[in-house]
Amino acid sequence: MKLFPTLLLFAAALSAAGRQVAITIDDLPRGGDHGPRSLDAVRAMTGKLLKPFQEQKIPVIGFVNEGRPVGFGPEGLRQILDIWLDSGADLGNHSYSHLNINDVPLTEYTADILKGEPVLRAALAAHGKKLEFYRHPFLHTGPTAEIKRAMQQFLDQHGYRVAPVTLDDNDFEFAALYTKPASKDRIKREYIPYMESIVAFFEQRSVDVVGREIPQILLIHASQLNADMMPDLLAMFRRRGYTFVSLDQALADPAYKLPEEYIGRYGLSWIHRWSMTKGMPGKDEPDAPKWVEEGWRK
Ligand SMILES: [Zn+2]
């Protein structure tokens, strides 16, 4: 237990210069936990989540599910999206109802993408912005080559850029336990060390797969956990030598032009996809602690 943080610090000091990360937050207006879903509660959670980004001028993008079950309708959703945009954040589409392409026909899936646009487009337009990015629910990009190709064609035709993820984690498992009083304190202690283990893993994996560290793209969810822990999460990145960039800036790195030919049913980090495309042996990212993995669904 004593050696581990020392090693992490040492590794961080070795290559602390010039690391970059883009932060992306999924399942707006609120997802990944069992917290209250009234407009007031989501407004309060959203304000707290975005405060450090606004104050420190850190780029962030949120991905919206217009049909996510919450205690308010489209007008309430528009108010929440305006909080995001007013704070300087960008927004992208995450589909209307978070369908899983492994389970539904492509026509149903693509209709759900379009159904997720009206409130989002209107909010963006009112802030002089355009809808540009799509994030696949569950990071599922198509279980067969035909479905993957046809889905990408649909996204191209509708002017979408895919928002990949490299720092893939299970923050939602921690978030679900955080809203339960019995586990809240323990989650508070164990969340950032877990996230740091994910970051350290993908730093090394970037070097193995791409030959160097790349601007990373973090996926987390719009939860009370992240609202409360964001200053600590940002501090962890800073301690490891990171600066914060927009999704667009991260994607300008040539790594994101690498061939990505993964076909299958899993939602994987793009670093895993590139490694599989290259025919490299797989290596899984660290798991959440056992009590989290086993307890979050209960
Ligand atoms: Zn999602």
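Residues numbered from 1 in each chain as written. Predicted model: local features only at pLDDT ≥ 70, side-chain atom pairs only at ≥ 80, totals over all residues.

Topic: the overall build of the chain
Consideration 1: The helix and strand tally for the chain stands at 12 helices and seven strands.
Consideration 2: The C-alpha extent of the chain, read off along each of the three principal axes, is 50 × 45 × 40 Å.
Consideration 3: By residue count, 40% of the 298 residues in the chain fall in the buried class.
Consideration 4: Of the contacts made within the chain by residues no fewer than 6 positions apart, 82% connect residues no fewer than 24 positions apart. (Helix = DSSP H or I, 4+ residues; strand = E, 2+ residues; numbered from the N terminus. Buried ≥ 20, exposed ≤ 12 C-beta atoms within 10 Å, placed from the backbone. Contact = placed C-beta atoms within 7 Å.)

Digging into the pairing of strand β3 (residues 90-93)
Consideration 1: Judged by which residues are buried, β3 turns out to be covered on both faces: Asp-90 and Gly-92 on one side and Leu-91 and Asn-93 on the other are all buried.
Consideration 2: Bridge analysis of strand β2 (residues 60-64) against β3 gives four bridges, and the strand direction is parallel. In the sheet register, Phe-63 faces β3, and the bridge partner there is Gly-92.
Consideration 3: The parallel pair β2 and β3 is bridged by helix α3 (residues 74-86), and the resulting crossover is right-handed. (Pairing = 2+ DSSP bridges. Right-handed = clockwise from strand over helix to strand, strands pointing away.)

What to know about the packing of helix α7 (residues 171-178) against helix α9 (residues 224-239)
Consideration 1: Contact geometry of α7 with α9 gives a least axis separation of 8 Å together with a crossing angle of 100 degrees. Overall, the two elements α7 and α9 adopt an arrangement that is roughly perpendicular. Taking contact as the criterion, the partners of Asp-171, Phe-174, Ala-175 and Tyr-178 in α7 are, on α9, Gln-224, Leu-225 and Asn-226.
Consideration 2: When the residues that make up the contact of α7 with α9 are grouped by side-chain class, the tally is four nonpolar, two polar and one charged. (Axes fitted to C-alpha atoms, helices over the stretch in contact; angles between N-to-C directions. Parallel < 35°, antiparallel > 145°, perpendicular 65-115°, else oblique. Nonpolar A, V, L, I, M, F, W, Y, C, P; charged D, E, K, R; others polar.)

Focus: the pairing of strand β6 (residues 216-221)
Consideration 1: For β6, the tally of buried residues reaches six of six residues, placing the bulk of the element in the interior.
Consideration 2: Residues Gln-216, Leu-218 and Ile-220 of β6 are buried on one face, and the alternating residues Ile-217, Leu-219 and His-221, pointing to the opposite face, are buried as well.
Consideration 3: Strand direction decides the pairing type here: strand β1 (residues 19-28) and β6, joined by six bridges, are parallel. Paired with Ile-23 across the two strands is Leu-218, which belongs to β6.

Describing the confidence of the model for the chain
Consideration 1: Averaged over all residues, the pLDDT of the chain is 94; the fraction at 70 or higher stands at 94%.
Consideration 2: Here residues 10-15 is a poorly scored stretch, pLDDT under 50, and it has five contacts once near neighbours within four places are set aside; other chains count. (pLDDT = per-residue confidence, 0-100.)

Brief notes about the environment of Ile-58
Consideration 1: Here Ile-58 shows up in the loop between α2 (39-55) and β2.
Consideration 2: When the 21 C-beta atoms within 10 Å are taken as the criterion, Ile-58 is described as buried.
Consideration 3: Expressed as a C-alpha distance, the spacing of Ile-58 and Thr-243, which sit 185 residues apart in the sequence, is 8.9 Å.
Consideration 4: In this structure Ile-58 touches Pro-52, Phe-53 and Phe-244, once residues within four positions along its chain are discounted.

A look at the packing of α2 against α3
In a packed pair of helices, the relevant descriptors are the angle between the two axes and the axis-to-axis distance.
Consideration 1: At a minimum axis separation of 10 Å, α2 and α3 run at an interaxial angle of 10 degrees. One way to sum up the angle between α2 and α3 is to call them roughly parallel. Within the contact between the two elements, α2 uses Leu-39, Val-42, Arg-43, Thr-46, Gly-47 and Leu-50 and α3 uses Gly-76, Ile-80, Ile-83 and Trp-84.
Consideration 2: Class assignment of the residues belonging to the contact of α2 with α3 gives a composition of six nonpolar, three polar and one charged.

So, α9
Consideration 1: If you check α9, its first and last C-alpha atoms are 23 Å apart, about what 16 residues at 1.5 Å a residue would give, namely 22 Å.
Consideration 2: Where α9 bends most, the angle comes to about 60 degrees, and this point is Met-230, followed within four residues by the proline Pro-231.
Consideration 3: Along α9, the residues classified as buried are Gln-224, Leu-225, Asn-226, Ala-227, Met-229, Met-230, Leu-233 and Phe-237.
Consideration 4: On its buried face, α9 is in contact with β1, α2, α7, α8 (184-210), β6 and β7 (242-244).
Consideration 5: Gly-241 lies just past α9 and shows a positive phi near 90 degrees. (Expected span 1.5 Å × (residues − 1). Bend = angle between axes of the 7 residues up to and from the residue.)

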